Amino acid sequence: MIMALMRVRLLLIAFFVAIGVGKGVASLQDDYYGKVDEADKACREERWEDAVRYLKEAMRLDPDNAGNIMLLSNLGMVQYRLGEDSLAIATLTEAHRIAPSSVTILSNRAHILMETGYDGEAYEDYGLIMQLDSTDVTSRLRHGIIALRARDIETARQDFEYIAKRFPSTSEAMVGMATLHCALGEYKEALPYYNELLRNSRDIESLTGRALCNLMTDNLQEASDDIAEALQLSPEDGELYLYRAALNKMRFRPDDADADARRAVDLGVDPARARQFLKDGVADGRKRR
């Protein structure tokens, strides 16, 4: 009887310990996901410093949680938002070391590398992504754009035509082919792709691209319409003022061309590019005095 009672007592102790552990695990999970939710909310509200704190707190709460790898990836992107480019790349590099086959992590790192001028490193990351997922059209498009910047026309052509052949209805296919034709000076051939893009979205990049094509093919009214619409979306875009300077020169309006060219330079356009539209060929106002 005594032994039986002892066994019952031990079973009850084990039962209550198990309940306690279960409650502890549940509480930990609640705290962990609570921090994740707070981080997500902070990101939506662009409270980047708060997002960093919540992400780090979540990972400290449950360091063995499998979801931490994505939190680490998100942390890198938030650090980038804070202007901490080097730290963001280091964070994503660590995440890639832990999960080398994660396309999301590689995409995030490649994006930051490309945006911060590390085209060679971004090119390698996009190449890895293409090996891991041949359907990732965004990565293939950016791979081709970097190739184009490096004057590797053949690689860019292969990337863009691959997308156009296998995913013809995507915006990436349209952007790729429009970009390729413009790079080759085939502005008339690029126009249909920009037309298709602008049927779906009136974005600044497509409007600017089509404006250039219309300028280069002497469609002056169409170019004027595109530039005007683009300037409404981005009134401080120096490139658009340069295009309008070219348009005004083509319309024999030298004073307007001069004013637009100077505005373009004020907004950061290389004075050498604006010189041909200036009445006296001098972009620096101080030199004109």
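**Student:** So what's going on with the overall build of the protein? Residues and values would help.
**Tutor:** When helices and strands are tallied, the protein shows 16 helices and zero strands. Looking at the protein as a whole, 39% of its 289 residues qualify as buried. Within the protein, counting contacts between residues at least 6 apart in sequence, those at least 24 apart form 42% of the total. Accessible surface computed for the protein: about 16,600 Å², of which carbon and sulfur atoms make up 53%.

**Student:** Tell me what's going on with the packing of helix 11 (residues 204-216) against helix 13 (residues 238-250), and back it up with residues and numbers.
**Tutor:** Interhelical geometry of helix 11 versus helix 13 gives an angle of 25° and a closest axis separation of 11 Å. For the element pair helix 11 / helix 13, the angle class is roughly parallel. With respect to the hand of their crossing, helix 11 and helix 13 are arranged in left-handed fashion. On the side of helix 11, the interface is formed by Ile-204, Thr-208, Ala-211, Leu-212 and Leu-215, while helix 13 contributes Leu-240, Tyr-243, Ala-246, Leu-247 and Met-250. Within the contact of helix 11 with helix 13, the residues separate by chemical class into nine nonpolar, one polar and no charged.

**Student:** Can you explain the nonpolar core? Please cite residues and give values.
**Tutor:** Counting 30 residues, the largest nonpolar core has Leu-55, Leu-71, Leu-75, Val-78, Ile-105, Ala-122 and Tyr-126 as the members making the most contacts within it. At the level of elements, helix 1 (2-44), helix 2 (48-61), helix 3 (68-81), helix 4 (85-98), helix 5 (103-115) and helix 6 (119-132) are the ones that each hand at least two residues to this core. When residues no more than four places from it in sequence are discounted, the contact partners of Tyr-126 are Ala-110, His-111, Met-114, Ser-139, Arg-142, His-143 and Ile-146. The next biggest cluster of nonpolar side chains, apart from the first, holds 22 residues, and it includes Ile-227, Val-269, Phe-277 and Leu-278.

**Student:** Go over the packing of aromatic side chains with me, naming the residues and quoting the values.
**Tutor:** Across all of its chains, the model carries one aromatic pair by this definition. Between Tyr-32 and Tyr-33 the ring centres are 5.1 Å apart and the planes differ by 90°, which places this aromatic pair in the edge-to-face class. The class of Tyr-32 is buried, set by a relative accessible area of 2%. The partly exposed category is assigned to Tyr-33, whose relative accessible area is 43%.

**Student:** Mind laying out the side chain of Asp-125, listing which residues take part and the relevant values?
**Tutor:** When you line up the elements, Asp-125 lands in helix 6. Contacts of Asp-125, omitting those with residues within four sequence positions, involve Leu-106, Arg-109, Ala-110 and Leu-113.

**Student:** Explain the layout of surface pockets to me, using residue names and the numbers behind them.
**Tutor:** Taken as a whole, the largest pocket holds about 970 Å³ of empty space. Listing elements by their share of the lining of the largest pocket, those giving two or more residues are helix 7 (137-149), helix 9 (171-183), helix 10 (187-200), helix 11 and helix 13. Residue contributions to the lining of the largest pocket peak at seven residues, all from helix 9. Of the voids in this model, the second largest pocket is the one considered here, and its volume is about 160 Å³. In terms of residues, the lining of the second largest pocket owes the most to one element, helix 13, which gives five residues. Tallied by class, residues from the lining of the second largest pocket come to eight nonpolar, one polar and two charged.

**Student:** Can you tell me about unusual backbone geometry, naming the residues and giving the values?
**Tutor:** Despite not being glycine, Glu-46 has its phi angle at roughly 60°, a positive value. The class for Glu-46 is exposed, based on a relative accessible area of 56%. Backbone geometry places Asp-218, a non-glycine residue, at a positive phi of 65°. Relative to the assigned elements, Asp-218 resides in the loop between helix 11 and helix 12 (220-233).

**Student:** Help me get a handle on the packing of helix 5 against helix 6, residues and values and all.
**Tutor:** Remark: helix 5 packs on helix 6, axes separated minimally by 8 Å, with the N-to-C direction vectors making an angle of 155°. With respect to helix 6, the element helix 5 is oriented roughly antiparallel. Of the two possible hands of crossing, helix 5 and helix 6 adopt the one that is left-handed. Between helix 5 and helix 6, the residues in contact are Val-103, Leu-106, Ser-107, Arg-109, Ala-110, His-111, Leu-113 and Met-114 and Asp-119, Glu-121, Ala-122, Asp-125, Tyr-126, Leu-128, Ile-129 and Leu-132, respectively. Its residues assigned to classes, the contact of helix 5 with helix 6 shows ten nonpolar, two polar and four charged.

**Student:** Let's hear about the environment of Ala-156: which residues, and what values?
**Tutor:** Relative to the elements of secondary structure, Ala-156 occurs in helix 8 (residues 153-166). Sequence separation between Ala-156 and Gly-144 is twelve residues; the distance between their C-alpha atoms is 4.1 Å. Beyond its immediate stretch of four places on either side in the chain, Ala-156 contacts Gly-144, Ala-147 and Leu-148.

**Student:** Explain the environment of Ile-129 residue by residue, including any values.
**Tutor:** Its place among the elements puts Ile-129 in helix 6. Take Ile-129: its relative accessible area is 0%, and that puts it in the buried class. Sequence spacing of Ile-129 and Ser-107 is 22 residues, and the spatial spacing of their C-alpha atoms is 7.4 Å. Once you skip the residues sitting within four places of it in the chain, Ile-129 turns out to touch Val-103, Leu-106, Ser-107, Asp-136 and Ser-139.

About the cut-offs
Residues numbered from 1 in each chain as written. Predicted model: local features only at pLDDT ≥ 70, side-chain atom pairs only at ≥ 80, totals over all residues. Heavy atoms only, no water. Helix = DSSP H or I, 4+ residues; strand = E, 2+ residues; numbered from the N terminus. Buried < 20%, exposed > 50% of the residue type's maximum accessible area, 1.4 Å probe, protein only. Contact = heavy atoms within 4.5 Å. Areas by Shrake-Rupley, 256 points an atom, 1.4 Å probe, with all protein chains shown as cover. Axes fitted to C-alpha atoms, helices over the stretch in contact; angles between N-to-C directions. Parallel < 35°, antiparallel > 145°, perpendicular 65-115°, else oblique. Left-handed = near helix turned anticlockwise from the far one by under 90°. Nonpolar A, V, L, I, M, F, W, Y, C, P; charged D, E, K, R; others polar. Core = buried A, V, L, I, M, F, W, Y, C linked by side-chain atoms within 4.5 Å. Phe/Tyr/Trp six-rings, centres within 6.5 Å; stacked < 30°, edge-to-face > 60°. 1 Å grid on protein atoms, 1.4 Å probe; cavity = no way out; pocket = protein on both sides within 12 Å on 5 of 7 lines; lining within 4 Å. Points joined across faces, edges and corners; volume = space filled by probe spheres on them.

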